[in-house]
Amino acid sequence: MQRGALLDAARTLLSEGGTEALTFPALAERTGLARSSVYEYFRSRAAVVEELCAVDFPVWAAEVEAAMESAETPEEKVEAYVRRQLALVGDRRHRAVVAISAGELDSGAREKIRAAHGGLIAMIVEALAALGHAQPRLAAMLLQGVVDAAVRRIELGAAENPEEITEAAVAMALKGVRG
C-alpha cells in the first residue's frame with residue numbers, strides 16, 4: 001500500500017510540477033512518510049520513474065489497444081489509435097508520463113520509455129500495412145510523431161481547443177497534408 005501511495009504521489013507531483021517537483025522530500029510530505037522511509041521503497045528518483053513507466057504505460061497502451069480492437073477497418077483503427085491517445089492527455093497518468101519524458105532521466109528510465117513507445121508504434125503497423133504503406137513501421141513512427149505533436153499542443157494549452165487539435169491530428173493521420 002505504501003508503494004502504491006508513493007507512486008500516486010509521484011504521479012501528482014509530476015503532473016503538477018514536472019520532473020523538478022519529484023523529490024524524495026516532496027514524496028515523503030505527500031504520503032506522510034519519513035524521508036528515510038521513501039528510500040526503503042526506491043533507491044533513486046530514476047527508480048520511481050522506472051516503476052511508474054512499468055505500471056502506467058501498459059495501462060495506457062491497453063486502453064489504446066482496446067479502442068483499436070473495437071474498430072473494424074484499417075482507417076478506423078488509425079483513427080482510434082490517434083483519438084484514444086489524445087483523449088488520455090487529461091489523465092493524470094498521462095500527464096506524469098509526459099513530464100517524465102520531458103525530464104532529465106538516466107539511460108535505464110529513457111530505455112523503458114522508448115520501449116513503451118515502441119509498443120504503441122507496433123500496435124498500428126498492421127493497420128498501416130493494410131492501408132498499403134510500403135514501409136508501415138516508418139509510417140507508424142511518423143504517425144506517432146503527429147500524435148506526440150498534438151499531445152504537446154494540448155498540454156501547452158494552445159490557442160486551439162483540444163477537440164480541434166484532435167480533429168486536425170486525425171485528419172493529418174488519414175488524409176496527410178491535403179486536409
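Up top is the structure these notes are about.
Quantities reported herein were computed from a predicted structural model and do not represent experimental measurements. (Residues numbered from 1 in each chain as written. Predicted model: local features only at pLDDT ≥ 70, side-chain atom pairs only at ≥ 80, totals over all residues. Heavy atoms only, no water.)

A. Quick look at the pattern of salt bridges. One pass over the full model with this rule turns up 8 salt bridges. Between R30 and E16 there is a salt bridge, with the nearest N and O atoms lying 2.8 Å from each other. Linking R30 in helix α2 (residues 24-31) with E16 in helix α1 (residues 2-17), this pair joins segments that are 14 residues apart in sequence. Taking relative accessible area as the criterion, R30 reaches 43% and is therefore assigned partly exposed. With a closest N to O distance of 2.8 Å, E63 and R84 form a salt bridge. With E63 in helix α4 (residues 45-69) and R84 in helix α5 (residues 74-87), this pair connects stretches of sequence that are 21 residues apart. Residue classification places E63 among the partly exposed positions, given a relative accessible area of 22%. Given a relative accessible area of 27%, R84 falls into the partly exposed group. Three or more residues joined by partner-sharing salt bridges are found here, namely D8, R11 and D56. (Salt bridge = Lys/Arg side-chain N within 4 Å of Asp/Glu carboxyl O. Helix = DSSP H or I, 4+ residues; strand = E, 2+ residues; numbered from the N terminus. Buried < 20%, exposed > 50% of the residue type's maximum accessible area, 1.4 Å probe, protein only.)

B. Molecular detail of the packing of α4 against α5. Between α4 and α5, the least distance of the axes is 8 Å, while the angle of their chain directions is 145°. In this structure, α4 meets α5 at a crossing whose hand is right-handed. Counting all contacts with α4, which are made through W60, E63, V64, A67, M68 and E69, the residues of α5 involved are K77, A80, Y81, R84 and Q85. Of the residues belonging to the contact of α4 with α5, the class tally is 6 nonpolar, 1 polar and 4 charged. (Axes fitted to C-alpha atoms, helices over the stretch in contact; angles between N-to-C directions. Left-handed = near helix turned anticlockwise from the far one by under 90°. Contact = heavy atoms within 4.5 Å. Nonpolar A, V, L, I, M, F, W, Y, C, P; charged D, E, K, R; others polar.)

C. View of the packing of aromatic side chains. This structure, assessed with the given rule, holds 2 aromatic pairs. Between F24 and Y39 the ring centres are 4.3 Å apart and the planes differ by 55°, which places this aromatic pair in the tilted class. Note that F24 is positioned in helix α2 and Y39 in helix α3 (residues 35-41), a separation of 15 residues in sequence. Residue classification places F24 among the buried positions, given a relative accessible area of 7%. Residue placement shows R3 over the ring face of F42; its charged tip is 4.7 Å from the ring centre. (Phe/Tyr/Trp six-rings, centres within 6.5 Å; stacked < 30°, edge-to-face > 60°. Lys NZ or Arg CZ within 6 Å of the ring centre and 35° of its normal.)

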